[in-house]
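A closer look at the structure
For reference, the chains in residue letters:
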Amino acid sequence: MTRTKRFVIAGGGRVGLQTAENLAGQNHEVVLIESDEERVAELSDAYLGPVIHGDATRPSILKQADLTDADAIAALTDETGTNLAICMEAQQLAPSIRTLARAETRTDHEYDEVVDATLMPQYLGGDHAADMLTGEGIRTLVYPTADLDIIEVTVTESAPVAGRQLDEIALPEGSLLLSTADREELAGPETRLEPNERYIVAVESGVVDEVLNLMRG
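Please read all numbers here as calculations on a predicted model, not as lab measurements. (Residues numbered from 1 in each chain as written. Predicted model: local features only at pLDDT ≥ 70, side-chain atom pairs only at ≥ 80, totals over all residues. Heavy atoms only, no water.)

Moving on, we get to the overall build of the protein chain. Summing up its helical and strand segments, the protein chain has six helices and twelve strands in all. Per-residue burial for the protein chain yields a buried fraction of 48% across its 217 residues. Within the protein chain, contacts between residues separated by at least 24 positions form 56% of all contacts whose residues are at least 6 apart in sequence. Just so you have it, the protein chain exposes about 11400 Å², and 45% of that area is on carbon and sulfur atoms. (Helix = DSSP H or I, 4+ residues; strand = E, 2+ residues; numbered from the N terminus. Buried < 20%, exposed > 50% of the residue type's maximum accessible area, 1.4 Å probe, protein only. Contact = heavy atoms within 4.5 Å. Areas by Shrake-Rupley, 256 points an atom, 1.4 Å probe, with all protein chains shown as cover.)

Okay, here's the thing in structure tokens:
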């Protein structure tokens, strides 16, 4: 069972709201920070968690979010510079906190010394941001429909399927192992699920937890 984590989301626009909804849907605790007063009211009505009204680049506002008790902060405003400033200030207040910043453009590793992870425009969805924040070795490749997700998941060393061939594994009905993460070839009966390797799986929403328990323990 994945433990409940606590996340701070700075920026309550489309991406921030989607991220908060995704995390809350996974039973994680969420605190939102938003500078626009009207948007604060809308976010409060969504009942996802506490909403702080203010500028997240200001230490006094970040302190209200109690960062020392948070697992990660995601700065998801529309301004790259603002997001980087939020993450840098957060690390000053809580040096161990993980940071995620939305950035419009970058050269490879450009922001590595400032933030732990960068969310790029082609991935500007709450599902991807939530995956990066939780750090559970699971990544949504296609935004979920009502019934089907395409996910990338890492097999842990203690997983029930680790080291076993696909034809030896009873995956639940409603799931299909498609390939390894490099997508060089489709998975077949003789595909061996190696520990610490990533695999792409199509899975119906009703059996997601069962599949993750098999692949992650």
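In this structure the tally under the stated criterion is two salt bridges. With a closest N to O distance of 2.7 Å, Glu42 and Arg39 form a salt bridge. Of this pair, Glu42 and Arg39 are both found in helix α2 (residues 37–45), three residues apart, which corresponds to roughly one turn of the helix. A relative accessible area of 46% means that Glu42 is categorised as partly exposed. (Salt bridge = Lys/Arg side-chain N within 4 Å of Asp/Glu carboxyl O.)

If you trace the backbone, Gln92 turns up in helix α4 (residues 80–93). The exposure class assigned to Gln92 is exposed, which follows from its relative accessible area of 63%. Residues Gln92 and Pro59, spaced 33 residues apart in sequence, show a C-alpha to C-alpha distance of 9.2 Å.

The next point concerns helix α6 (residues 208–216). Taken as a whole, α6 has its buried residues at Val208, Val211, Leu212, Leu214 and Met215. Within α6, the buried residues cover an arc of 160° as seen down the axis, which keeps them to one side. A positive backbone phi angle near 80° is found at Gly217, which sits one or two residues after α6. (Arc of directions from axis to C-beta.)

Let us now look at the nonpolar core. Ranked by size, the top nonpolar core spans 21 residues in total, and within it Val8, Ile33, Leu62, Leu67 and Ile73 carry the most contacts. At the level of elements, β1 (6–10), β2 (29–34), α3 (59–64), β4 (72–75) and α4 are the ones that each hand at least two residues to this core. Looking at which element gives the most residues to this core, the answer is α4, with four residues. For Ile33, the residues in contact, after removing those within four places along its chain, are Val8, Ile9, Ala10, Gly11, Gly12, Ile52, Gly54, Ala56, Ile61, Leu62 and Ala65. (Core = buried A, V, L, I, M, F, W, Y, C linked by side-chain atoms within 4.5 Å.)

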